[in-house]
Amino acid sequence: MSHGAPALLALLLGACGTNRPEIPPELLKDPSAPTGCATADYPAGPYGDSADTVAIDRCFQGWRAPGKTAHTAAALQDISLGNFYDPDGSHYEILLLNTAAVWCAVCKTEHQTLPEHYAEYSPRGLAIVSALFQNSAGKPAELSDLKTWVEAYDVPFPMVLDPDYQLQDYASAETAPLNLVIDARSMRIMAKFIGNQSRDLWQLIDDELTRREASE
Amino acid sequence: MLRTALGLLPLTFAAVACGSDPATPEPPAQQTEPAKCEAGPGYVELDYPKRALGNVTVTVRTLDAAPAADALVEVCGIDVCTRPAYTDERGDVSVSVQEPTTKPALKYGDAFTYGELAILFDGDEDGTDFGTVYTPRLPVTGAPILPGARAESGGVVLTLADNGRVELDPFPPYDTEDGRALRAAELPRARFPSGLDHGANLELVFALAPLGARLCPSAALELPNSAGWEPGTSVEFLLQGLDAGTDAGAQLFAPYGEWQPIGTGAVDATGERLVLTGGALPVISNVGVRRL
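Predicted model, so just to flag it, every value in this text is computed and none were measured.

**Student:** Account for the overall build of chain B, with residues named and values stated.
**Tutor:** Counting its regular elements, chain B contains one helix and 22 strands. Scored against the burial criterion, the 292 residues of chain B give a buried share of 54%. Accessible area of chain B: about 12000 Å², with a carbon and sulfur share of 51%.

Given below as structure tokens:
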């Protein structure tokens with residue numbers, strides 16, 4: 001397994017609809033999932049919100065590499081969880097799905113350190129997607145909020161808008177942040193952290209990546 | 001330490017316009033040393049138990065006891081925040097805290113219209129009622145924080161170094177030049193809510209905004225001697241920690257919700273002002289004072 005040049009791979013392999021064929025919406029495994037960038041071979045359920053269930057293939061709009069993209073509406077891309085589904089682990093081992101809201105001071109603090117963690121672990125197979133869902137007043141986040149956020153925190157990983165809060169299956173919109181650790185080989189949820197539980201979260205990710213590297 | 005390790009947030013507003021107008025010729029470059037931000041000792045304490053809070057109620061009033069309508073109220077710990085709620089016309093609000101939270105604090109006021117103050121929870125029960133708390137209205141007009149100049153608001157004076165700059169997240173209400181101006185007001189001791197000083201025995205408290213603005217380098221600070229202490233009276237200045245976070249050193253200058261000394265000073269010869277001499281203000285947050 002090789003995890004070299006993860007940013008480039010993320011760009012090349014993560015593009016919605018470019019690495020896997022599109023399927024008609026009516027054939028999606030989860031009919032409640034939004035259409036537009038679902039992944040054809042996404043794992044079957046059982047879908048759920050707890051450990052060892054499969055995360056639903058949610059679809060968002062955002063910037064795949066905010067540091068290399070104009071922060072404009074025209075540059076928005078479809079980004080789905082399925083983009084990071086990697087059955088043989090050739091590019092991704094773990095997907096960290098994170099939520100953030102502008103009103104959330106903890107989220108802001110967390111995003112000061114996420115790029116550092118991403119730099120450390122993405123070469124070992126970690127992907128991160130963060131979803132901004134509300135603005136400072138608790139209203140649905142807009143493009144300007146996303147722009148301000150990625151520029152304020154110099155976000156190097158995919159960051160998306162989630163104004164409808166599609167991730168409500170996992171945590172209430174009254175609470176932030178959420179950190180969902182997903183096995184990219186199966187899209188099964190490995191752990192769910194409500195809040196920034198940095199010590200436990202990164203210990204889990206480090207342990208799991210180390211375990212997988214040792215078993216190769 | 002944390003900011004040193006991470007690099008400072010890139011969206012920086014310099015107190016000067018930094019040549020942002022392309023039509024304006026740039027002045028000759030000066031060989032001045034770039035201002036450095038104080039790293040801060042960095043605090044984190046992960047051994048606090050998570051608290052299940054449930055429904056939290058409070059009534060927010062201004063210093064004249066009028067209801068503080070539409071005041072932002074939230075419950076935030078070092079790991080989880082709950083979506084802000086806003087007081088009604090009576091100043092009442094209820095916040096439903098659905099998730100167990102580590103070292104939670106009730107934060108009320110938006111640090112723009114009203115001073116924002118934080119009270120750490122000391123219990124673990126559903127139905128916490130904080131009763132009535134008071135917050136000062138901040139001045140409608142703020143004082144721009146400019147290099148080498150005194151910025152004064154509500155009697156609080158900040159003086160940034162000649163090469164100084166201010167760094168602040170550019171989110172509302174701090175997304176405009178006016179929003180980033182200094183606003184300050186005193187919370188009189190008679191209006192301190194229970195638990196505000198967390199055992200720090202504060203005698204004076206001033207609410208400042210824009211909350212969280214890094215002052216680089218740390219700025220000189222003067223406060224009004226509203227207590228009328230004698231000239232020469234020695235005092236200690238403390239800062240309320242409002243940086244959340246669970247990463248090492250995330251709470252830069254004071255433990256979250258608590259008050260940490262940032263320096264000492266004295267009442268000046270005129271008896272009008274408390275002057276911070278043994279230290280400086282590294283970040284705009286609420287400032288407390290106690291006599292030594």
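**Student:** Summarise the overall build of chain A; cite the residues concerned and give the values.
**Tutor:** Within chain A one finds four helices and eight strands. Reading the secondary structure of chain A in the N-to-C direction produces α-β-β-β-α-β-α-β-β-β-β-α. In chain A, which comprises 216 residues, the share counted as buried stands at 57%. Sequence-distant contacts in chain A: of pairs separated by 6 or more residues, those separated by 24 or more amount to 65%. Summed over all atoms, the accessible surface of chain A reaches about 8000 Å², with 53% contributed by carbon and sulfur.

**Student:** Report on the interface of chain B and chain A, specifying residues and quantitative values.
**Tutor:** With 32 residues of chain B in contact, the opposing surface of chain A contributes 34 residues. Across the chain B/chain A interface, buried area totals approximately 2700 Å², and carbon plus sulfur atoms make up 56% of it. Linking chain B with chain A are one salt bridge. One salt bridge connects Arg83(B) with Glu174(A), and the closest N-O pair in it is separated by 2.3 Å. The tally of links from chain B across to chain A stands at 10 residue pairs in polar contact (both at pLDDT 80 or more).

**Student:** Lay out the pairing of strand β10 (residues 117-120) of chain B in plain terms, naming residues and giving numbers.
**Tutor:** Consecutive side chains along a regular strand alternate between the two faces of the sheet. Residues and elements named next belong to chain B. Burial of β10 is two-sided: the residues Leu-117 and Ile-119 facing one way and the residues Ala-118 and Leu-120 facing the other way are all buried. For strand β9 (residues 105-108) and β10, the ladder comprises four bridges, and the chain directions are antiparallel. Its bridge partner lying in β10, Lys-107 is registered against Ala-118.

**Student:** Can you lay out the layout of surface pockets for me, pointing to particular residues and giving the numbers?
**Tutor:** Reported here for the largest pocket is a volume of approximately 1000 Å³. Taken together, 47 residues line the largest pocket, and the ones lying closest to its centre are Ala105(A), Lys108(A), Glu116(B), Tyr174(B) and Leu211(B). Looking at the lining of the largest pocket, the elements with two or more residues in it are α2 (105-121) of chain A together with α1 (2-6), β4 (72-76) and β18 (234-240) of chain B. The leading source of residues in the lining of the largest pocket is α2(A), at four residues. Along its surface, the second largest pocket is lined by 20 residues, and Ile119(B), Leu120(B), Phe121(B), Asp122(B) and Gly123(B) are the ones closest to its centre. Elements represented by at least two residues in the lining of the second largest pocket include exactly β10 and β11 (129-134) of chain B. Its residues assigned to classes, the lining of the second largest pocket shows nine nonpolar, five polar and six charged.

**Student:** Just give me the short version of the sheet that holds strand β8 (residues 188-194) of chain A, but keep the residues and values in it.
**Tutor:** In a beta sheet, neighbouring strands are held together by backbone hydrogen bonds and run either parallel or antiparallel to one another. All names here are of chain A. In spatial order, the strands read β2-β1-β5-β4-β3-β7-β8; together these seven strands make up an open sheet with mixed pairing. Since the sheet does not close on itself, it has two edges, and those belong to β2 (77-80) and β8, each with one partner. The sheet shows a mean angle of 30° between the axes of neighbouring strands, direction not considered. The pairing of strand β1 (residues 59-63) with β2 spans four bridges and is antiparallel. Within β2, the position partnered with Gly-62 by the bridge is Gln-77. Seen against the sheet, α2 touches β3 (94-101), β4 (126-134), β5 (159-161) and β7 (178-183) and runs at an angle of roughly 160° to β3. On top of the sheet, helix α4 (residues 198-215) reaches β3, β4, β7 and β8; it is set at about 160° to β8, its chief contact.

**Student:** Hey, could you go over the sheet that holds β11(B) for me, with residue numbers and the actual values?
**Tutor:** Residue and element names in this part refer to chain B. Judged by pairing direction, the sheet is mixed, and its three strands sit side by side in the order β7-β3-β11 without closing on themselves. With partners counted over all chains shown, the strands left at the sheet margins are β7 (92-97) and β11, one partner each. Each strand of the sheet is rotated relative to its neighbour by a mean of 25°, with strand direction disregarded. When strand β3 (residues 54-61) meets β7, the two strands line up antiparallel, connected through six bridges. Counterpart to Thr-57 in the pairing with β7 is Ser-94.

**Student:** Report on the pattern of salt bridges, specifying residues and quantitative values.
**Tutor:** Tallied over the entire structure, the rule returns 24 salt bridges over all chains. In this structure, Asp79(B) engages Lys50(B) in a salt bridge whose closest nitrogen and oxygen atoms are separated by 2.5 Å. In this pair, Asp79(B) is assigned in the loop between β4 and β5 (81-82) and Lys50(B) in strand β2 (residues 50-51), connecting sequence segments 29 residues apart. For Asp79(B), a relative accessible area of 2% translates into the label buried. Of the charged contacts, one joins Arg90(B) and Asp88(B) as a salt bridge, the two residues approaching to 3.1 Å between their closest N and O atoms. One network of salt bridges, with partners in common, ties together Glu93(A), Asp183(A), Arg185(A), Glu208(A), Arg211(A) and Arg212(A).

**Student:** How would you summarise the packing of aromatic side chains if you had to cite specific residues and measurements?
**Tutor:** The relative placement of two aromatic rings is captured by the distance of their centres and the angle of their planes. Counted by the stated rule, this structure contains 10 aromatic pairs over all chains. Between Tyr118(A) and Phe157(A), the ring centres sit 5.5 Å apart and the planes meet at 70°, which makes this aromatic pair edge-to-face. Here Tyr118(A), found in helix α2, pairs with Phe157(A), found in the loop between α3 (143-153) and β5; they are 39 residues apart in sequence, far enough to count as distant. Assigned by exposure class, Tyr118(A) and Phe157(A) land together as buried. Ring plane angle 50° and centroid distance 5.6 Å describe the contact between Trp149(A) and Phe171(B), whose orientation is recorded as tilted. Taken together, the residues span two chains, with Trp149(A) in helix α3 and Phe171(B) in the loop between β14 (165-167) and β15 (183-187).

Calculation criteria
- Residues numbered from 1 in each chain as written.
- Chains lettered and ligands numbered in written order.
- Predicted model: local features only at pLDDT ≥ 70, side-chain atom pairs only at ≥ 80, totals over all residues.
- Heavy atoms only, no water.
- Helix = DSSP H or I, 4+ residues; strand = E, 2+ residues; numbered from the N terminus.
- Buried < 20%, exposed > 50% of the residue type's maximum accessible area, 1.4 Å probe, protein only.
- Areas by Shrake-Rupley, 256 points an atom, 1.4 Å probe, with all protein chains shown as cover.
- Contact = heavy atoms within 4.5 Å.
- Buried area = accessible area lost by both parts, 1.4 Å probe.
- Salt bridge = Lys/Arg side-chain N within 4 Å of Asp/Glu carboxyl O.
- Polar contact = N/O pair within 3.5 Å; in protein donor to acceptor, adjacent residues only side chain to side chain.
- Pairing = 2+ DSSP bridges.
- 1 Å grid on protein atoms, 1.4 Å probe; cavity = no way out; pocket = protein on both sides within 12 Å on 5 of 7 lines; lining within 4 Å.
- Points joined across faces, edges and corners; volume = space filled by probe spheres on them.
- Nonpolar A, V, L, I, M, F, W, Y, C, P; charged D, E, K, R; others polar.
- Axes fitted to C-alpha atoms, helices over the stretch in contact; angles between N-to-C directions.
- Phe/Tyr/Trp six-rings, centres within 6.5 Å; stacked < 30°, edge-to-face > 60°.

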